[in-house]
Amino acid sequence: METLTIQSDELEVVVLPSEGARLHRLRAFGHDLLRTPADPAVHRTDPYFWGAYVMAPWCNRLEAVPVRVGGRTIDLPANFPDGSAIHGQLVLASWSIEGDGRLRVRGGGAGWPWPYEATLDVAVAGPRLRLVLELTNRSDEPMPAGLGLHPWFVEPVRVAVRADRVYTSNLGPPGPPEPVAGAYDLRRLGEMALGLDAAWTSLTEPPVELVWPQAGLRATIATEGTARCIVAARLPSVPAVAVEPETHAPQGLRRLLEGLPDPLTLIGPGEPLRLVVELAVARAAAEGR
């Protein structure tokens with residue numbers, strides 16, 4: 001399997017171009033931060049719960065039923081056990097390497113009636129990882145669009161999501177966000193509640209902080225571009241925590257069509273949607289020292 005390694009003295013990033021240009025490994029100061037399988041081939045047989053992957057041209061779930069948008073019909077097949085069309089079309093797409101950490105892929109079809117192009121630029125400088133994602137509409141009509149990054153961070157990890165409002169379920173119908181409270185108030189570092197799966201909005205800076213006490217590491221995640229939400233999940237079946245910068249909230253297509261907050265972005269012919277995710281890692285006092 002082809003790999004692309006980008007590194008500094010502090011960070012090592014291993015990308016799998018043929019498996020969705022996903023980050024197979026992110027190692028900081030000698031410690032793995034992502035849930036990484038020993039055999040990279042596991043990404044293909046179990047693609048949604050390892051590493052960090054690009055979500056486009058939508059994030060999270062869309063209904064797998066025909067939906068008319070402008071003059072075209074979206075008719076996506078279900079690709080998840082709950083019957084939804086989840087996390088876009090690029091999770092296992094084969095991307096081409098263009099050098100200097102830049103990858104590119106073309107997509108569309110298979111129920112998505114607009115051709116599009118996506119690029120990913122991966123850069124490492126010291127203890128900082130910078131990912132630049134762009135999604136460009138290559139059709140002659142406006143296209144609904146979403147971008148996101150879906151990392152699974154290894155446990156034990158403490159998480160802060162600095163946001164004032166939350167969509168409390170990523171599984172239910174779209175609705176307005178609520179003020180954070182109880183288990184959904186992640187503005188202070190702590191262990192996420194098991195079973196939590198929600199989307200936070202009204203973000204402050206930096207929107208995400210992570211601490212691995214046993215490794216003695218701390219990280220922040222900052223975003224640029226159209227970053228509307230942080231989706232986070234801690235599932236009983238996965239020994240890791242997902243913390244995902246996204247350009248829209250769950251059920252983004254229905255949000256767009258019904259005029260609800262945090263929808264998919266409608267981009268014109270040749271227009272790009274851009275999301276920048278920067279992760280900065282630093283040493284912290286290890287637990288027990």
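What counts and what doesn't
- Residues numbered from 1 in each chain as written.
- Predicted model: local features only at pLDDT ≥ 70, side-chain atom pairs only at ≥ 80, totals over all residues.
- Heavy atoms only, no water.
- Core = buried A, V, L, I, M, F, W, Y, C linked by side-chain atoms within 4.5 Å.
- Buried < 20%, exposed > 50% of the residue type's maximum accessible area, 1.4 Å probe, protein only.
- Helix = DSSP H or I, 4+ residues; strand = E, 2+ residues; numbered from the N terminus.
- Contact = heavy atoms within 4.5 Å.
- 1 Å grid on protein atoms, 1.4 Å probe; cavity = no way out; pocket = protein on both sides within 12 Å on 5 of 7 lines; lining within 4 Å.
- Points joined across faces, edges and corners; volume = space filled by probe spheres on them.
- Pairing = 2+ DSSP bridges.
- Salt bridge = Lys/Arg side-chain N within 4 Å of Asp/Glu carboxyl O.
- Phe/Tyr/Trp six-rings, centres within 6.5 Å; stacked < 30°, edge-to-face > 60°.

A. How the structure looks around the nonpolar core. By size, the foremost hydrophobic cluster in this structure holds 72 residues, and its most contacted members are W95 and W200. If one sorts the elements of this core by residue count, strand 12 (residues 112-125) sits on top with seven residues. Setting aside residues up to four positions removed in sequence, W200 forms contacts with V161, A163, R165, V166, V180, Y184, L186, R228, C229, I230 and A232. Among the nonpolar cores identified, the runner-up in size contains 13 residues, and M55, F80, I86 and V91 belong to it.

B. View of the side chain of T136. Relative to the elements of secondary structure, T136 occurs in strand 13 (residues 128-137). Beyond its immediate chain neighbours, meaning those up to four positions away, T136 contacts Y116, E117, G270, E271 and P272.

C. Molecular detail of empty space enclosed by the protein. All told, the structure shown has one cavity of 30 Å³ or more when counted by the stated rule. Each pocket or cavity is described by its volume, and for the largest cavity that value is around 100 Å³. L129, L131, L149, F153 and L279 are, among the 13 residues lining the largest cavity, the residues nearest its centre. Breaking the lining of the largest cavity down by element, the ones donating at least two residues are strand 3 (22-28), strand 13, strand 15 (148-154) and strand 23 (272-283). The element that contributes the greatest number of residues to the lining of the largest cavity is strand 15, accounting for three residues.

D. Region of the structure containing unusual backbone geometry. Note the cis peptide between A56 and P57, where omega equals 0°. When you line up the elements, P57 lands in the loop between strand 5 (52-55) and strand 6 (61-63). The phi angle at A21 is positive, at roughly 55°, despite the residue not being glycine. The phi dihedral of A110 is positive, around 55°, even though this residue is not glycine. Considering the arrangement of structural elements, one finds A110 in the loop between strand 11 (102-109) and strand 12.

E. Expanded view of the environment of E155. Summarising the element assignment, E155 is placed in the loop between strand 15 and strand 16 (158-167). Residue E155 is classed as partly exposed on the basis of its relative accessible area, which comes to 31%. Separated by 57 residues in sequence, E155 and W212 have C-alpha atoms that sit 7.6 Å apart. Dropping the residues within four chain positions of it, E155 is found in contact with R234, P239, A240 and V241.

F. Focus on the environment of A233. With respect to the helices and strands, the residue A233 is situated in strand 20 (residues 229-233). For the pair A233 and P206, spaced 27 residues apart in the sequence, the C-alpha separation amounts to 19 Å. Look past the residues within four positions of A233 in its chain and what remains in contact with it is W152, M192, L196, D197, A240, V241 and A242.

G. Representation of the pairing of strand 15 in the model. Burial runs high along strand 15: seven of the seven residues are buried. Residues G148, H150, W152 and V154 point to one face of strand 15 and L149, P151 and F153 to the other, with burial holding for every one of them. Sheet analysis places strand 5 next to strand 15, joined by four bridges and oriented antiparallel. Counted as the bridge partner of V54 is L149 from strand 15. Direction of pairing for strand 15 relative to strand 21 (residues 240-246): antiparallel, over a ladder of four bridges. Residue pairing in the sheet places V154 in a bridge with A240 of strand 21.

H. Just the pattern of salt bridges, in detail. Per the counting criterion, the structure on display carries 25 salt bridges. Between D32 and R27 there is a salt bridge, with the nearest N and O atoms lying 3.4 Å from each other. The class for D32 is partly exposed, based on a relative accessible area of 27%. A salt bridge links R187 to D164, with the nearest nitrogen and oxygen atoms 3.7 Å apart. In this pair, R187 sits in the loop between strand 17 (178-179) and strand 18 (197-212) while D164 sits in strand 16, placing the two residues 23 residues apart along the sequence. Classification of R187 as partly exposed rests on a relative accessible area of 37%.

I. Quick look at the packing of aromatic side chains. This model, assessed by the stated rule, comprises six aromatic pairs. Taken together, a centroid distance of 6.5 Å and an interplanar angle of 70° make the contact between Y48 and Y53 edge-to-face. On the accessibility criterion, Y48 (13% relative accessible area) is buried. Since its relative accessible area comes to 1%, Y53 is described here as buried. A centroid spacing of 5.8 Å and a plane angle of 45° characterise the contact between F49 and W152, whose relative ring orientation is tilted. Within this pair, whereas F49 is found in the loop between helix 1 (42-45) and strand 5, its partner W152 is found in strand 15, the two being separated by 103 residues in sequence. According to the relative accessible area criterion, F49 is partly exposed, its value standing at 21%. Members of the aromatic cluster, joined through ring pairs, are Y48, Y53 and F80.

Honestly, it's all geometry; don't read function into it.
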